Amino acid sequence: MSALKRVQQWATFARIWHVYDAAWQNPFESAQVLKKYLKGMHKPIYHPMNDCGDHVIVLNSAEIALPGDEWKKRVYFHHTGYPGGASWTLAWELHNKDPTMVLRKAVYNSMKGNLQRRYTMERLHIFPDANVPKELMGNVSNQIRQVRPIPKRLDHYPEEDVTQFPKVIDYPKDYVVK
Amino acid sequence: MSNKHLFLKAGLINTPLQNGVGRYVCQLQRVVLKFCKNNGSSRGMRDFIESELVNYAKENPGVVVYLKPRRHRTAVIKAEYLNGDAQWISCRNFTQEEISKWMNLLKTQSNNNTGTRLKKLWHTDHPSIQGPWTPYTFRDPKLNLVEFPNTEWSQPADMTNTSQDDLVELFKKQKIEELNKNRAK
């Protein structure tokens, strides 16, 4: 292989770092997006037997949003292997213990259980907030778009916009404003 | 399901040393015709040897032709190629025409094609003119100047206006119209 071909090979199979903001995102929908980047399925050179997966940094995993009453209803099972070692943890309990765990498990469970899964998970770097080591953030060259827009709260709008907002209806005379 | 393909030699469609461009070298090196002198299953082979073999050998001086009579055995053609491949064809009860067709095939092909599994049904020495894909081909050049993480590049691509935005727009339009009316007065 000539020197040029060798460099061409490195360029084609270079691992890219992506960043994903998980604030207000459904972790199970996000997992379907993230796994494609982790496995390299977004590349035209993808083949299950070539190792072309990318790294993904996930920010703000503490601010994920589960749909419906999943925080209360979703249960994570663990068994220590000893008799009576079974334990069931609710999603909100798990999230309190480790704010990266719900998303990590969502991505892990979205992939098929084969030998590659553990190595693919190694390329996923989840942070509960936006504090990412500089040397990691320096690698990033792409941002993955969120699956749904972040809702904006009333107290996050500037004071001016709130007061200037057009008045659509008149309150009834007997309406008590809080 | 059979796993026969696992034992086949894997290869691509190719021409040895650009054969046929400028000069042609027959890739068949040696052919051995094995037959029985009195068994009925070798009948066609014997006919071929009687009537066509001498011409075949004369037309192809580069091919070594051997005859191997052996008693009470099936007729067989064994061919060896310049690349080292060997091909074995059972000619039991073949007619003379069938054998002459097989001999023609052996003469014209460049290796043992039935003993090779083609990895692909096509082959090219120049797979791409624009060069192989890299992560940076087809990339939006705007991304070069972006500082990550970036809120604008994080939003979903199909963001539409909310009804709230529409309401504010309508209100602004209405205000401008009123202003214009006042000015006209």
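Identification of chain B as Large ribosomal subunit protein mL43 from Aromia moschata is taken from an unreviewed UniProt entry. One UniProt comment on chain B, placed under Subcellular location (unreviewed entry), says "Mitochondrion". UniProt, in the comment section headed Sequence similarities (unreviewed entry), describes chain B in these words: "Belongs to the mitochondrion-specific ribosomal protein mL43 family."

The name recorded for chain A in an unreviewed UniProt entry is 39S ribosomal protein L13, mitochondrial, from Aromia moschata. What the UniProt record of chain A gives under Sequence similarities (unreviewed entry) is the line "Belongs to the universal ribosomal protein uL13 family."

Caption draft 1: Summary view of the UniProt feature "domain: Ribosomal protein/NADH dehydrogenase" (unreviewed entry) in chain B. Those residues carrying the UniProt feature "domain: Ribosomal protein/NADH dehydrogenase" (unreviewed entry) are residues 37-110 of chain B in this numbering. With 39% helix and 23% strand, residues 37-110 of chain B has end C-alpha atoms that lie 31 Å from one another.

Caption draft 2: The nonpolar core, seen in detail. Residues Tyr20, Leu34, Val56, Val58, Val107 and Leu124 of chain A are the most contacted members of the largest nonpolar core, which totals 22 residues. In contact with Val107 of chain A, other than residues within four places in its own chain, are Ala31, Leu34, Leu38, Met121 and Leu124 of chain A. Counting 20 residues, the second largest nonpolar core, distinct from the first, contains Val31, Tyr56, Ile99 and Met103 of chain B.

Caption draft 3: View of the interface of chain B and chain A. Chain B puts 22 residues into the contact, and the matching count from chain A is 27 residues. For the pair chain B and chain A, the summed buried surface comes to about 2000 Å²; carbon and sulfur atoms form 66% of the total. The largest per-residue losses of area from chain B upon contact with chain A belong to Trp133, Phe148 and Ser154 of chain B, which jointly make up 30% of the total buried on that side. The interface formed by chain B and chain A contains zero salt bridges. For the pair chain B and chain A, the interface holds seven residue pairs in polar contact (both at pLDDT 80 or more). Secondary-structure elements contributing two or more residues to the side of chain B that touches chain A are helix H4 (151-154) and helix H5 (163-184) of chain B. It is H5 of chain B that contributes the most residues to the side of chain B that touches chain A, five residues altogether. In terms of residue class, the side of chain B that touches chain A is made up of 14 nonpolar, five polar and three charged.

Caption draft 4: Examining the domain arrangement of chain B more closely. For chain B, the assigned domains read domain 1 (9-118) and domain 2 (151-184). With centres defined by C-alpha atoms, the gap from domain 1 of chain B to domain 2 of chain B works out at 83 Å.

Cut-offs applied
- Residues numbered from 1 in each chain as written.
- Chains lettered and ligands numbered in written order.
- Predicted model: local features only at pLDDT ≥ 70, side-chain atom pairs only at ≥ 80, totals over all residues.
- Heavy atoms only, no water.
- UniProt positions renumbered as here; feature names shortened; annotations may be inferred.
- Helix = DSSP H or I, 4+ residues; strand = E, 2+ residues; numbered from the N terminus.
- Core = buried A, V, L, I, M, F, W, Y, C linked by side-chain atoms within 4.5 Å.
- Buried < 20%, exposed > 50% of the residue type's maximum accessible area, 1.4 Å probe, protein only.
- Contact = heavy atoms within 4.5 Å.
- Buried area = accessible area lost by both parts, 1.4 Å probe.
- Salt bridge = Lys/Arg side-chain N within 4 Å of Asp/Glu carboxyl O.
- Polar contact = N/O pair within 3.5 Å; in protein donor to acceptor, adjacent residues only side chain to side chain.
- Nonpolar A, V, L, I, M, F, W, Y, C, P; charged D, E, K, R; others polar.
- Domains from an automatic or database assignment.

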